[in-house]
Amino acid sequence: MDKNQLLDQFKQVFGVNGQRVYFSPGRINIIGEHTDYNGGNVFPCAISLGTYGVYVPRSDKQIRLYSENMKNDDIESFEIGDLKPETQAKSKWINYFKGMVVQLLQHGYQFDHGFDLLVYGNLPYGAGLSSSASIELLMGYILKHEFKLDVEQLDLVKFGQKVENDFIGLNSGIMDQFAVGMGKKDNAILLDTNTMEYHYYPLELNDYIVVIMNTNKEHSLIDSKYNERREQTEEALRRLQKGLDIKSLGELDEDTFDQHTYLINDDILIRRARHAVIENQRTLKAKQALLDQDLVTLGHLINASHISLQYDYEVSGKELDTLASTAWRQPGVLGARMIGGGFGGSAIAIVKKDQVETFKKNVGDTYKKEIGYAAEFYNAEIVDGPHEIK
Ligand code: GAF
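Predicted model, so just to flag it, every value in this text is computed and none were measured.

When its domains are assigned, the protein resolves into domain 1 (3-201 + 384-389) and domain 2 (204-379). Each of domain 1 and domain 2 was reduced to a C-alpha centroid, and the two centroids are 26 Å apart. The interface of domain 1 with domain 2 comprises 29 residues on the first partner and 43 residues on the second. Residue assignment for the side of domain 1 that touches domain 2 shows that the elements contributing at least two residues are strand S1 (20-29) and strand S2 (41-42).

Have a look at this one:
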């Protein structure tokens, strides 16, 4: 839907003209998966698929929300000051919006009136492209601008993570909200989640582009083993701390880790922690490879990331493995891997521009044959974080 269609739809739903239209991106991650809650590095970018919001103020204290993506015509609403998450299944989607209002209220920000908001996402839900962070930061950005709040963008990012942790129940790290909130056109962001230091690096891939491959297997991280993985790496860290003076797995290099696995003394926990440690090292090497324009090495690191997520971290699955391994066999492919939490969702591949169409056809055909339904492909366009659409 373009801006005019969104405004038309707003008029039809709310009976008045929408005042402003906002956009918040989704994200991909070049490399650095399941490292963000282990004090490691991540290397994500914001993408042009995301969430739109059409806004008009109200004179009362109601916040009313309508989603173009829900399969019903219900307008959901809540009163500013109502701090409890929605529990009814049909209303739960508004918790990502409501959670952000609650976070801001809890941090002392005030809203003297409500508003109507129509939202529309072209980011497939459950596709591992961070539709939830996109929504949280859309709401944060709208609130900041409409109510002229003196709040740093980085604080909105942190509030978004708190919404996931405290309001939704997902013990996620900060990567998704950071990538969405701090996104910069044509750049990947290297974030050290230990120190929160970050740098932008132009994603210069010359004759290559990033292709997003959506398994169309919806994943819900809440129902998945995401929180369990986090507990496992935390337990491995506690055991390592008996002999090592470290605060996170991200502080370890490969050799030190290998010399101390006896402290962990559990095969599964060792594999989980090994992924976190080595993936962090891979992420730093990938940043260097990008700087050196050594795209072949970048591709190898991306492939190694998938293998580690598949075998050591065990967050992949038949669908993601089929996409990655089929992609690896195609001409003009430098690397491919699953991204995000896993168990479904999306993968990425770095593909030579003039081979992209053949790539999509070949991978699409094999996927359909092996999995039984179609995957979807998008060319990734790297964009800025949340903004108003003028
Ligand atoms: C999900 C989480 F929300 C992120 O914080 C991150 O841990 C990611 O999975 C895995 O790298 O997207």
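Before going further, it helps to spend a moment on the UniProt feature "site: Transition state stabilizer" (unreviewed entry) in the protein. When the UniProt feature table is mapped onto this chain, "site: Transition state stabilizer" (unreviewed entry) is found at Arg27. With 32 C-beta atoms packed within 10 Å, Arg27 lands in the buried category. If sequence neighbours within four positions are ignored, Arg27 has contacts with Pro44, Cys45, Ala46, Ile47, Leu129, Ser130, Ala133, Asp176, Ala179 and Val180.

This next bit is on the nonpolar core. Ranked by internal contacts, the top residues of the largest apolar core, which has 96 residues, are Val211, Met213, Ala347, Ile348 and Ala349. Summarising the domain contributions, this core has at least three residues from each of domain 1 (3-201 + 384-389) and domain 2 (204-379). Leave out the neighbours within four places in its chain, and Ala347 touches Met213, Leu320, Leu323, Ala324, Ala336, Arg337, Met338 and Ile339.

What UniProt calls "binding site: ATP" (unreviewed entry) maps, in this numbering, to Ser67, Gly126, Ala127, Gly128, Leu129, Ser130, Ser131 and Ser132. Secondary-structure assignment places Gly128 in the loop between strand S6 (115-121) and helix H3 (131-146). If we ignore the near neighbours within four places in the chain, the residues touching Gly128 are His219, Ile339, Gly340, Gly341, Gly345 and Ser346. Tracing the backbone shows Ser131 in helix H3.

Glu33, His34, Asp36, Tyr37, Ser172, Gly173, Met175, Asp176, Gly340 and Gly341 make up every residue found near the ligand. Its residues assigned to classes, the shell around the ligand shows two nonpolar, five polar and three charged.

With a phi angle near 65°, Met196 is a residue other than glycine that sits in the positive phi range. In this fold, Met196 is placed in the loop between strand S7 (187-192) and strand S8 (197-202). Looking at Met196, the number of C-beta atoms within 10 Å reads 12, which means it is exposed.

Definitions and limits used
Residues numbered from 1 in each chain as written. Predicted model: local features only at pLDDT ≥ 70, side-chain atom pairs only at ≥ 80, totals over all residues. Domains from an automatic or database assignment. Contact = placed C-beta atoms within 7 Å. Helix = DSSP H or I, 4+ residues; strand = E, 2+ residues; numbered from the N terminus. UniProt positions renumbered as here; feature names shortened; annotations may be inferred. Buried ≥ 20, exposed ≤ 12 C-beta atoms within 10 Å, placed from the backbone. Core = buried A, V, L, I, M, F, W, Y, C linked by C-beta atoms within 7 Å. Near = placed C-beta within 6 Å. Nonpolar A, V, L, I, M, F, W, Y, C, P; charged D, E, K, R; others polar.

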